[in-house]
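Coordinates in review
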Amino acid sequence: MYGLLGSSRVISMNSMMTLAVLTGAELGSVAPNGDPERRLIATVILVALVVAFSSG
């Protein structure tokens with residue numbers, strides 16, 4: 001059903017999907033030229049921050 005209604009940018013089913021869409025959009029804006037290395041670095045930093053804040 002979800003695949004028929006639209007892409008993840010158009011609809012989101014729950015709060016986790018909404019956060020995933022917003023996070024992906026922001027990570028895309030970190031590397032506007034589509035540089036995969038910058039996007040990877042930003043993703044690693046984001047994961048480290050989430051782990052640091054959620055385990056403390």
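Details of the structure are given in the entry above.
Residues numbered from 1 in each chain as written. Predicted model: local features only at pLDDT ≥ 70, side-chain atom pairs only at ≥ 80, totals over all residues. Heavy atoms only, no water.

This brings us to the overall build of the protein. Of regular secondary structure, the protein possesses 3 helices and 0 strands. Accessible surface computed for the protein: about 4600 Å², of which carbon and sulfur atoms make up 68%. (Helix = DSSP H or I, 4+ residues; strand = E, 2+ residues; numbered from the N terminus. Areas by Shrake-Rupley, 256 points an atom, 1.4 Å probe, with all protein chains shown as cover.)

Looking now at a nonpolar patch on the surface. Residues Ile 41, Ile 45, Leu 49 and Phe 53 make up a contiguous nonpolar surface patch of roughly 440 Å² in combined accessible area. Relative to the helices and strands, Ile 41 is located in helix α3 (residues 36–55). (Patch = residues over 30% accessible without salt bridge, like charges linked within 9 Å, V, L, I, M, F, W, Y side chains within 5 Å. Salt bridge = Lys/Arg side-chain N within 4 Å of Asp/Glu carboxyl O.)

Here we take up the packing of helix α2 (residues 15–30) against α3. Where α2 meets α3, the axes come as close as 8 Å, and the angle between the chain directions of the two elements is 130°. Taken together, the axes of α2 and α3 are oblique relative to one another. The element α2 and its partner α3 pack so that their crossing is right-handed. Touching Thr 23, Leu 27, Gly 28 and Val 30 of α2 are Arg 38, Arg 39, Ala 42, Thr 43 and Leu 46, all from α3. The residue makeup of the contact of α2 with α3, split by class, is 4 nonpolar, 3 polar and 2 charged. (Axes fitted to C-alpha atoms, helices over the stretch in contact; angles between N-to-C directions. Parallel < 35°, antiparallel > 145°, perpendicular 65-115°, else oblique. Left-handed = near helix turned anticlockwise from the far one by under 90°. Contact = heavy atoms within 4.5 Å. Nonpolar A, V, L, I, M, F, W, Y, C, P; charged D, E, K, R; others polar.)

Another aspect to go through is the environment of Gly 28. The residue Gly 28 is located in helix α2 in this model. For Gly 28, a relative accessible area of 26% gives the class partly exposed. Counting along the chain gives 11 residues from Gly 28 to Arg 39, while the straight-line C-alpha distance between them is 7.0 Å. (Buried < 20%, exposed > 50% of the residue type's maximum accessible area, 1.4 Å probe, protein only.)

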